[in-house]
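# Structure assessment
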Amino acid sequence: DIGCGGGFDSDPKIQYTISQLPGQFIGIEPDVEMDLSGIFTSVHRCCFEDAQIEPSSIDLAYAVMVLEHFEDPQTFWNKIHKILRPGGIFWGFTVDARHWFVLASLLTEKLHIKKFYLNLLHGKRGEQRYENYGVFYRSNTPRQIEKLTEAFASKTILNFYRIGQMDYYIPQKLRIFFRASDRFAIQMGWPGSIMAVRVEK
């Protein structure tokens, strides 16, 4: 579980359910301020790239809303390839950079208003809302993924959309307009906001 703090997509119950299945369950969490559950066989409090994991030892690895945070994504993908056993699988769930949300996210960061906006909408970082780490979106389009994962035997890229998917980031009174834009985007066949990547070594 890469980026294991807070649960599977911030859901500890799902993470606990997953923990009951494998013989070993390894957690990776670079944020030392994050409280971790005691369900892990072992925990690495460092960036995934620095974690001392035996090469070709992992059957399944996954990361939820992590890929967008890598400034040097090739190093991440090389590490994934190194630790997976032959036939091992990695699943990554992230934001699809073809969606308007990514442009808005990068723009608010560039203007230095993202923290203020999220605090205004949801409260203090790490207490009333999620941690909001820096983003680069360099592993967030099918084209980027194809290039970064050339060493893998196979890959599958999926895109998901749902009306209201981005409600968390929109003030209540404006959601009706953004949901209408979601419906229009679906009718046009445009990519949704969430991308899933499955690669096999």
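Our subject is the structure that appears above.
Overview of the structure. (Residues numbered from 1 in each chain as written. Predicted model: local features only at pLDDT ≥ 70, side-chain atom pairs only at ≥ 80, totals over all residues. Heavy atoms only, no water.)

### Notes on the pattern of salt bridges
Let me state the cut-off plainly: One side-chain nitrogen of Lys or Arg within 4 Å of one carboxyl oxygen of Asp or Glu is enough to make a salt bridge. Secondary structure elements follow DSSP: runs of H or I no shorter than four residues count as helices, runs of E no shorter than two count as strands, and numbering proceeds from the N terminus.
All chains considered together, the criterion is met by six salt bridges. Measuring nitrogen to oxygen at the nearest pair gives 2.8 Å for the salt bridge that ties Arg 85 to Asp 59. Of this pair, Arg 85 sits in strand S4 (residues 84–95) while Asp 59 sits in strand S3 (residues 58–64), and the two are 26 residues apart along the sequence. One salt bridge in this structure joins Asp 167 and Arg 179, with 2.2 Å as the shortest N-O distance. Taken as a pair, Asp 167 in the loop between strand S5 (154–160) and helix H6 (175–188) and Arg 179 in helix H6 lie far apart in primary sequence, 12 residues in all.

### Regarding a nonpolar patch on the surface
Under the convention used in this document: Two joining distances apply to patches: 9 Å for like charges and 5 Å for nonpolar side chains (Val, Leu, Ile, Met, Phe, Trp, Tyr), and every residue must have over 30% relative accessible area and no salt bridge. The protein chains shown are the only cover counted for residues, whose accessible areas, like all others here, come from Shrake-Rupley with a 1.4 Å probe.
A cluster of nonpolar side chains, namely Leu 107, Leu 111 and Ile 113, defines an oily patch on the protein surface of about 270 Å² accessible area. Within the fold, Ile 113 resides in the loop between helix H3 (100–110) and helix H4 (114–122).

### Here's the deal with the nonpolar core
As a reminder, the rule being used: What we call a nonpolar core is a set of buried Ala, Val, Leu, Ile, Met, Phe, Trp, Tyr and Cys residues that are connected through their side-chain atoms within 4.5 Å. Between buried and exposed lies partly exposed: a residue is buried under 20% and exposed over 50% of the maximum accessible area for its type, with that area taken using a 1.4 Å probe on protein chains only. Whether two residues are in contact is decided by their heavy atoms: any pair within 4.5 Å suffices.
Counting residues in each nonpolar core, the largest one holds 24 residues, and the members touching the most others are Ile 2, Phe 48, Phe 76, Trp 77, Ile 80 and Phe 90. Looking at this core, the elements with two or more residues in it are strand S1 (26–28), S3, helix H2 (73–83), S4, helix H5 (142–148) and strand S6 (194–200). If one sorts the elements of this core by residue count, H2 sits on top with four residues. Those residues in contact with Ile 2 that sit more than four places away from it in its chain are Ile 28, Phe 48, Ala 61, Tyr 62, Ala 63, Val 64, Val 66, Phe 76, Ile 80 and Phe 90.

### A closer look at the environment of Lys 115
With respect to the helices, strands and loops of the structure, Lys 115 is situated in helix H4. In this structure Lys 115 comes out as exposed when scored by relative accessible area, which is 55%. Put simply, Lys 115 and Asn 132 are 17 residues apart on the chain and 8.1 Å apart in space, counted from C-alpha to C-alpha.

### Some thoughts on the sheet that holds S4
For clarity, the cut-off: Pairing between two strands requires that DSSP report at least two bridges joining them. Helix axes are fitted only over the stretch in contact, all axes being lines through C-alpha atoms; the angle between N-to-C directions runs from 0 to 180 degrees.
Taken in spatial order, the four strands make up an open sheet running S3-S4-S6-S5, and their pairing is mixed. Of all strands in the sheet, those with a lone pairing partner are S3 and S5, marking the two edges. Neighbouring strand axes in the sheet, compared pairwise and without regard to direction, differ in orientation by 10 degrees on average. Sheet topology places S4 next to S6; seven bridges connect them, and they run antiparallel. By the bridge assignment for S6, Phe 90 is matched with Val 199. Contacting S3, S4 and S6, H2 crosses the sheet at an angle of about 145 degrees to S4.

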